[in-house]
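The residues making up each chain are set out below.
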Amino acid sequence: MKRLFYTILIMASALVAAKAENYFPYPEPPAHLVTLGERTNYLVEHFWDRCDLKSAFSARAKLEGAFRDYVSFMPYAQADTVHMSIDALLDRMKKDPKHLLILGEIAEKTLYSDSAEVLSDENYLPFAKAVASNKKIPAASRARFEHQAKVLENTQVGATMADFVYETPAGDKQSFYSISTPYTLLFINDPDCEDCALTRVRLAADYYTQQLINDGRLTILSIYPDEATAEWRSEATAYPSNWKVGAWPDTDDWVDMRYPPVLYFLDKDHKVVGKNLRLENVLYTFSLLQQGLAE
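Since we're looking at a predicted model, the values are computed, not measured.

Definitions and limits used
- Residues numbered from 1 in each chain as written.
- Predicted model: local features only at pLDDT ≥ 70, side-chain atom pairs only at ≥ 80, totals over all residues.
- Heavy atoms only, no water.
- Axes fitted to C-alpha atoms, helices over the stretch in contact; angles between N-to-C directions.
- Helix = DSSP H or I, 4+ residues; strand = E, 2+ residues; numbered from the N terminus.
- Parallel < 35°, antiparallel > 145°, perpendicular 65-115°, else oblique.
- Left-handed = near helix turned anticlockwise from the far one by under 90°.
- Contact = heavy atoms within 4.5 Å.
- Nonpolar A, V, L, I, M, F, W, Y, C, P; charged D, E, K, R; others polar.
- Polar contact = N/O pair within 3.5 Å; in protein donor to acceptor, adjacent residues only side chain to side chain.
- Phe/Tyr/Trp six-rings, centres within 6.5 Å; stacked < 30°, edge-to-face > 60°.
- Buried < 20%, exposed > 50% of the residue type's maximum accessible area, 1.4 Å probe, protein only.
- Core = buried A, V, L, I, M, F, W, Y, C linked by side-chain atoms within 4.5 Å.

**Q** An account of the packing of helix H6 (residues 97-112) against helix H8 (residues 139-155) is needed here, citing residue identities and associated values.
**A** Helix-helix packing is characterised by the crossing angle of the two axes and by the distance between the axes. As a packed pair, H6 and H8 sit with axes 11 Å apart at the nearest point and diverge in direction by 45 degrees. When the axes of H6 and H8 are compared, the pair comes out oblique. For the element pair H6 and H8, the recorded crossing hand is left-handed. Along the contact surface, H6 presents Leu 101, Gly 104, Glu 105, Glu 108 and Tyr 112, while H8 presents Ser 141, Arg 144, Phe 145, Gln 148 and Leu 152. Looking at the contact of H6 with H8, its residues break down into 4 nonpolar, 3 polar and 3 charged.

**Q** Residues and numbers for the side chain of Arg 142, please.
**A** Take Arg 142: it is sitting in helix H8. There is a polar contact of 2.6 Å between the side chain of Arg 142 and the backbone oxygen of Ile 137. Sequence-distant contacts of Arg 142, that is, excluding residues within four places in its chain, are made with Val 131, Ala 132, Asn 134, Lys 135 and Ile 137.

**Q** Lay out the packing of aromatic side chains in plain terms, naming residues and giving numbers.
**A** Here the distance between the centres and the angle between the planes together describe a pair of aromatic rings. Applying the stated criterion across every chain yields a total of 21 aromatic pairs. For the pair Phe 47 and Trp 48, a centre-to-centre distance of 5.0 Å together with 70 degrees between the ring planes defines the contact as edge-to-face. A single burial state applies to Phe 47 and to Trp 48, both of which are buried. Their ring planes at 65 degrees and their centres at 5.8 Å tell us that Phe 265 and Phe 286 sit as a pair that is edge-to-face. In this pair, Phe 265 sits in strand E6 (residues 262-267) while Phe 286 sits in helix H13 (residues 279-290), placing the two residues 21 residues apart along the sequence. When its relative accessible area of 1% is taken as the criterion, Phe 286 is described as buried. Connected via pairs of aromatic rings, a cluster forms that spans Tyr 23, Phe 24, Tyr 26, Phe 47, Trp 48, Phe 67, Tyr 70 and Phe 127.

**Q** Please set out the nonpolar core residue by residue, giving values where relevant.
**A** A general feature of soluble globular proteins is that nonpolar side chains tend to end up buried together. In terms of nonpolar packing, the biggest core is built from 42 residues, with Trp 48, Phe 67, Tyr 70, Tyr 124 and Phe 127 touching the most fellow members. Listed by contribution, the elements that provide at least two residues to this core are helix H2 (36-46), helix H3 (53-56), helix H4 (60-73), helix H5 (79-93), H6, helix H7 (121-133) and H8. Of all the elements, H6 adds the most residues to this core, at 8 residues. The residues contacting Tyr 124, other than those within four sequence positions of it, are Gly 104, Ala 107, Glu 108, Leu 111, Tyr 112, Phe 145, Gln 148 and Leu 152.

This is how it looks when you write it as structure tokens:
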């Protein structure tokens, strides 16, 4: 409760103190809205109401600052409200491709990049799709957003990952969808990556992980995101024998790989349950699954 109180206090104080500094007048929640959720819903829903978007792009740095303020309220607001607000903003921009591209770049910096203050693939995806689908934006400028939209749609939590074919160290071709265990850990890694090597060792040594594999409840699919070279085949012989191992040169075209080593947790229908996971969280989840404390 104390943390919630201080959050509301800080947000309210910031709004009052910034009146003279804001790039345009921010909305002020009515007095009858008293909870954090109610007030942030109002702020997100009405944030751009008094912004003249035709002139706002004349000072990009100030617009970026306003966008950061807008994004800062999103974690406290309802998802439906956030989605409707983003859709409304993009609808206002669809006939202005030049400024839509700038807005997409600002959203990329604020929601998607390594330096993003509020990292959110779910909230960034509509911006990437809007830029990617606007044919009035030059193709060269759209290309990055097209790629981002493609991989995010394929690997967003809740999405069913598309099937792909990988090559085993023995040279066989196997389908991702041939895996039928209740859970799959997709582990994208490179033999030359030290963090990847440490992750392999810890996964191979973890008791609960091995039990899940032995019980037929988990498959670990280790993917090398490149061609199946002789050097990789040699390295792969040292991987655990109860893992599936393969090379898939098109990985980067389909999978979000911003944070190597890349760990995706999927269910029996190949739906993404978790992405870009920390190994500690994965191992903890496996311990709960093996002990029957989670499903």
